[in-house]
Amino acid sequence: MTDTLFSRLGGTEGVTRIASNLVDNHLANPLISARFAGSDVPRMKQMAADFFSLGSGGPQVYTGRDMLSVHKHMNISDNEYMASIDDLMKALTDCGVGDREKSDVLYIFYQLRPDVVGV
């Protein structure tokens, strides 16, 4: 039996670190940082970690809204979505995540695209 993606990402500690780096990357990214102005950063990091955990086979419970509800009426562009993917890939690289896991995470995030871009 193979390990879950959650396990391969380092479990709770690894996913929490990735989520924290991802949010930091978003906040520093001039293309999308304005979207996060005034946000509760610790809550964003916790919600991102919970969402990441759930999506990768981990035990955490995600209590936030679904992706479509969160992004509805935000009119996020393809360029902004790609900027967020770039931030994600940087977070994964900075956390020492391997290519196989990066590919798996990228696949998941591309599955979410229709609920984020242009809705």
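Note that the structure is a prediction, hence the values are computed from the model and not measured.

A. Representation of the packing of helix α2 (residues 11-28) against helix α3 (residues 41-55). Viewed as axis vectors pointing N to C, α2 and α3 meet at an angle of 130°, and their least axial separation amounts to 8 Å. As far as their axial angle goes, α3 and α2 are oblique. Helix-helix and strand crossings are classified by hand; for α2 and α3 the assignment is right-handed. Residues Val 15, Thr 16, Ile 18, Ala 19, Ser 20, Val 23, Asp 24 and Leu 27 of α2 lie in contact with α3, whose contacting residues are Val 41, Met 44, Lys 45, Ala 48, Ala 49, Phe 52 and Ser 53. In terms of residue class, the contact of α2 with α3 is made up of ten nonpolar, three polar and two charged.

B. Just the environment of Ser 103, in detail. Along the chain, Ser 103 falls in helix α6 (residues 99-112). The spacing of Ser 103 and Ile 32 is 71 residues in sequence and 23 Å in space, taken between C-alpha atoms.

Conventions adopted
- Residues numbered from 1 in each chain as written.
- Predicted model: local features only at pLDDT ≥ 70, side-chain atom pairs only at ≥ 80, totals over all residues.
- Heavy atoms only, no water.
- Axes fitted to C-alpha atoms, helices over the stretch in contact; angles between N-to-C directions.
- Helix = DSSP H or I, 4+ residues; strand = E, 2+ residues; numbered from the N terminus.
- Parallel < 35°, antiparallel > 145°, perpendicular 65-115°, else oblique.
- Left-handed = near helix turned anticlockwise from the far one by under 90°.
- Contact = heavy atoms within 4.5 Å.
- Nonpolar A, V, L, I, M, F, W, Y, C, P; charged D, E, K, R; others polar.

In short, the description is geometric, and any link to function would need to be established separately.
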